[in-house]
Amino acid sequence: MQSTTRLEALRKAMSQSTDKIDAFVIPSEDAHQSEYTAECDNRRAWISGFTGSAGCAIVTQDTAAMFTDGRYFLQASQELDQSWTLMKQGLPGVPTWKEYLTKNLPSGCRIGVDATLVTAADAVALENELAKVSSTLVPVSENPVDKIRQDRPARPTNPVVAHDIQYAGKSRETKLDELRHEIRRKGYDGTVVSALDEIAWLLNLRGSDIHCCPIFFAYCVVTNTDAVLYISNADKRLSQDIQQQLKGSSIQLRDYDQIFDDLGRVSQQQRYVIDPSLTNLSIVQALGGLEHVGQEPSTITLAKAIKNDAELAGMRACHKRDGAAVSRHFAWLADMLCNQQRKVSEADAAAHLEEMRSQSSKYVGMSFDTVAATGPNGAIIHYQPSPTHSAIIDPRQIYLCDSGAHYIDGTTDITRTYLFDGEPSEFQKRAFTRVLQSHIALDQAVFPSGTSGYQLDTIARAPLWQDGLDFRHGTGHGVGAYLNVHEGPHGIGARDAYRHIALQEGMVVTNEPGYYQDGEFGIRIENVLIVNKAMTPYKFGGQEYLGFEHATFVPLGRRLLDHQLLTDKCREWINKYHQECRKVLEPQLKNDRRALEWVEMETQVI
């Protein structure tokens, strides 16, 4: 009923607006195209009740449509009420939200958007498509969702801290010099950096303005001669030491909202470059429109994705510590459920896992809300247990746990699927083993340089395809170095964007195939991989070859294996991986008998 009431208020605001819009587009993202948003920016979730991280809502006076991808079909169907139509993007016959505006709405419509939330690239594409049906894109004077949201929280202004050069591996001065070199090389006078993780990486700063993300709200303008960081309440958020460091790097501080006036005063003789897929339309409008700016992919995105030696050392170290914490947790959980026969809720398990991680002096926080899912909840790909009324974990049902953490030297992301007690069905064992074989296939892949994650995706899915099984999410995503747990531009999956980005040495990517049986169980096995040079006996045409190094070390779970389905090579990989787990974990667990015994049991040779 809450969503219905809010929709009524939104439609009233739309009808009374001087913008005279027939439909309003409500994306998930904020002004910086963040995947995860602060409470003040969760407009789509607030108006609809759907809390998944990906989706776009379109509201007219008569309809309300929610577009999302396969990761969230089940979750959205449970969270949306009867006021909404769920549009399952990617299924045959289902339009994208952009196609819906031209194919499902009448011609001649005025389509409202918030210019701070739509990217320049999307705005151009929409305007061109809408023109074909005599419809118009209308940047609204005031976001009608914000107008009706009386209790909208203020934008966070949490403290910002320095990211030490020991872990960053490169000074902010060096990064700025490299960025300026690229700006000059391409013939521009400056650039606007909008993506929050890019600003944090560029300036070696970290924050906490968005839940589970070590970033802060800001813009950064870099020219060939200076740089300006636009951030609210700088005197309260930045220590005097950080302010002096920034001043020493010739970085000025201005208020967050001042950027639009400042960009409006940029001389038309100066030419700035922006990434149209990361920069919102209002920034481009402030610069005088697209005809006055250059459009190039952000050079920071790729530079950030290719980790330097210090960042890679930190990622390796934090994953080893994280593996010990996760193993302590699973040993505790197995003991509680099976030996002590205690009732443990999903929320209790998630809280215990966080407690185990927080014992590290380098721990900062969780990198996303833990997916602790028993039985049918595991089929909800991004399930989150309620802190007050989550399910009790059934040791005789499959349990899926996807979690991660931020440490000052890196970021982790791991999924394990276990059955703590009882016997799995033949199908459950077969599905688990196929997922594991998919995981192994990608882990062992060797490929020529220039290969994209789009091309590697079929290698990972092939074992599942042999049984007619599949999963509706990507096989892997980039991971930041004490930054966002989801990081581009690379990834492994069927997204068209992955087709154009080759995997390169130093990139970090997850390996997480899965299988989900709606209403019954979910299976996912996830490690973090580092892209390395592969030592091949030959180099055809002088070509370099690449492969993967797994950074995650936690036992895989023996009870769900279908031994008859395993090949000798798979057995060899599993046994070798488990020996690596022992080597990494046993020294850290020598004073924790329960965890040590659990690791030894779960890593026995098969």
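As annotated in an unreviewed UniProt entry, the chain carries the name Xaa-Pro aminopeptidase P and comes from Lichtheimia ramosa. Recorded in UniProt for the chain, the comment headed Cofactor (unreviewed entry) runs: "Mn(2+)".

J.: Go over the sheet that holds strand β12 (residues 251–254) with me, naming the residues and quoting the values.
T.: Pairing in this open sheet of 6 strands is mixed, and the strands run β12-β11-β10-β8-β13-β14 from one edge to the other. Edge positions in the sheet fall to β12 and β14 (293–295), since each of these pairs with one other strand and no more. Direction aside, the axes of adjacent strands within the sheet are offset by 25° on average. As defined by bridge partners, strand β13 (residues 272–274) adjoins β14 across 3 bridges and the pair is classed as parallel. Bridged to Val-273 within β14 is Gly-294. Seen against the sheet, helix α9 (residues 196–203) touches β8 (190–193), β10 (219–223), β11 (227–230) and β12 and runs at an angle of roughly 55° to β10.

J.: Lay out the nonpolar core with the relevant residues and their values.
T.: Membership of the largest hydrophobic core comes to 60 residues, with the highest contact counts inside it found for Phe-330, Leu-333, Val-344, Tyr-399, Phe-420 and Leu-436. No other element matches helix α15 (residues 309–339), which puts 9 residues into this core. What Val-344 contacts, discounting residues up to four positions off in sequence, is Trp-332, Leu-333, Met-336, Leu-337, Ala-349, Ala-391, Ile-392 and Ile-393. Judged by nonpolar contacts, the second largest core, of 52 residues, contains Ala-31, Ala-200, Tyr-230 and Leu-246.

J.: Residues and numbers for the side chain of Gln-428, please.
T.: Along the chain, the position of Gln-428 falls in helix α17 (residues 426–443). For Gln-428, a relative accessible area of 17% translates into the label buried. A polar contact is formed between the side chain of Gln-428 and the backbone nitrogen of Ser-425, at a distance of 3.0 Å. Dropping the residues within four chain positions of it, Gln-428 is found in contact with Ile-398, Phe-521 and Ile-523.

J.: Describe the domain arrangement of the chain, naming the residues involved and giving the relevant values.
T.: Under the domain assignment, the chain is made up of domain 1 (1–148), domain 2 (161–305) and domain 3 (309–602). Inter-centroid distance (C-alpha atoms) of domain 1 to domain 3 is 34 Å. Taken together, the contact pairs 10 residues of domain 1 with 9 residues of domain 3. Where domain 1 abuts domain 3, roughly 910 Å² becomes buried across the two surfaces, and 58% of that area is made up of carbon and sulfur atoms. Ranking the residues of domain 1 by area buried against domain 3 places Tyr-36, Arg-71 and Leu-74 at the top, with a combined share of 54%. Counting every contact that joins domain 1 to domain 3 gives 0 salt bridges. Counting every contact that joins domain 1 to domain 3 gives 3 residue pairs in polar contact (both at pLDDT 80 or more). Of the residues assigned to the side of domain 1 that touches domain 3, the class counts are 5 nonpolar, 3 polar and 2 charged.

J.: Provide a residue-level description of the UniProt feature "domain: Peptidase M24 C-terminal" (unreviewed entry) in the chain, including the pertinent values.
T.: As annotated by UniProt and renumbered to match this structure, "domain: Peptidase M24 C-terminal" (unreviewed entry) occupies residues 544–605. The distance from the first to the last C-alpha atom of residues 544–605 is 35 Å, and the span holds 45% helix and 10% strand.

J.: Lay out helix α1 (residues 2–16) in plain terms, naming residues and giving numbers.
T.: Between the first and last C-alpha of α1 there are 21 Å, a value that for 15 residues agrees with the 21 Å anticipated at 1.5 Å per step. Turning to α1, its buried residues number three or more, namely Ser-3, Thr-4, Arg-6, Leu-7, Leu-10, Arg-11, Ala-13 and Met-14. Contacts made by the buried residues of α1 are with β1 (23–27), α2 (43–48), β2 (56–60), β3 (64–68) and α6 (144–148).

J.: Can you explain the sheet that holds strand β4 (residues 85–88)? Please cite residues and give values.
T.: In a beta sheet, neighbouring strands are held together by backbone hydrogen bonds and run either parallel or antiparallel to one another. Spatial ordering of the open sheet is given by β4-β3-β2-β1-β5-β6, a layout of 6 strands whose pairing is mixed. Both outer strands of the open sheet, β4 and β6 (136–139), are each paired with one neighbouring strand and no more. Neighbour to neighbour, the strand axes of the sheet diverge by 25° on average, direction disregarded. Across 4 bridges, β2 lies against β3 in antiparallel orientation. Bridging from a neighbouring strand, Ile-58 pairs with Ala-65 of β3. The strands touched by α1 are β1, β2 and β3; relative to β2, the strand with the most contacts, the crossing angle is about 65°.

J.: So what's going on with empty space enclosed by the protein? Which residues, and what values?
T.: Counted by the stated rule, this structure contains 2 cavities of 30 Å³ or more. Taken as a whole, the largest cavity holds about 210 Å³ of empty space. Along the wall of the largest cavity there are 20 residues; nearest its centre are Thr-191, Val-273, Asp-275, Ser-298 and Thr-299. If you list the elements that add at least two residues to the lining of the largest cavity, you get α8 (172–185), β8, β13 and α14 (299–305). Taken together, the residues of the lining of the largest cavity break down into 10 nonpolar, 5 polar and 5 charged. Looking at the second largest cavity, its volume works out to about 60 Å³. Contributing to the lining of the second largest cavity are Val-266, Ser-267, Gln-268, Gln-270, Arg-271, Tyr-272, Leu-287, His-292 and Val-293. By residue class, the composition of the lining of the second largest cavity is 4 nonpolar, 4 polar and 1 charged.

Reading the values: rules and limits
- The numbering scheme is per chain: residues are counted from 1 as the chain's sequence reads.
- Totals for whole chains, interfaces and linings use every residue, but because this is a predicted model, local features are given only for residues with pLDDT of at least 70 and side-chain atom pairs only at 80 or more, for both listing and counting.
- Derived side-chain values reflect all non-hydrogen atoms in the structure, with water molecules and hydrogen atoms excluded from consideration.
- UniProt positions are given in the numbering used here, feature names are shortened, and annotations may be inferred rather than shown by experiment.
- What makes two strands pair is DSSP finding at least two bridges between them.
- Comment: elements are numbered from the N terminus, with helices defined as DSSP H or I runs of at least four residues and strands as E runs of at least two.
- As a rule, the C-alpha atoms of each element are fitted with a line to give its axis, helices using only the stretch in contact, and angles between N-to-C directions run from 0 to 180 degrees.
- Throughout, a residue-residue contact means that at least one pair of heavy atoms, one from each residue, lies within 4.5 Å.
- Residues belong to one nonpolar core when they are buried, are Ala, Val, Leu, Ile, Met, Phe, Trp, Tyr or Cys, and are joined through side-chain atoms within 4.5 Å.
- Classification of residues uses two cut-offs on accessible area relative to the type maximum, computed with a 1.4 Å probe and protein chains only: under 20% is buried, over 50% is exposed, and between them is partly exposed.
- Pairing of N or O atoms within 3.5 Å defines a polar contact, subject to two protein rules: one partner must be a possible hydrogen donor and the other a possible acceptor, and residues neighboring in sequence count only if both atoms are side-chain atoms.
- Residue ranges for the domains originate in an automatic or database domain assignment.
- Summed over both partners, the accessible surface that disappears when two parts come together, traced with a 1.4 Å probe, is what is meant by buried area.
- What counts as a salt bridge is simple: a side-chain nitrogen of Lys or Arg found within 4 Å of a carboxyl oxygen of Asp or Glu.
- Throughout this entry, Asp, Glu, Lys and Arg are counted as charged residues, while Ala, Val, Leu, Ile, Met, Phe, Trp, Tyr, Cys and Pro are counted as nonpolar. The remaining residues, Gly among them, count as polar.
- Multiplying 1.5 Å by the residue count of a helix minus one yields the expected span of that helix.
- A cavity here means a set of 1 Å grid points, computed over protein atoms only, where a 1.4 Å probe fits but cannot escape. A pocket is an open set with protein on both sides within 12 Å along at least 5 of 7 lines, and lining residues have an atom within 4 Å of a point.
- Grid points are joined across faces, edges and corners, and a volume is the space filled by probe spheres set on the points.

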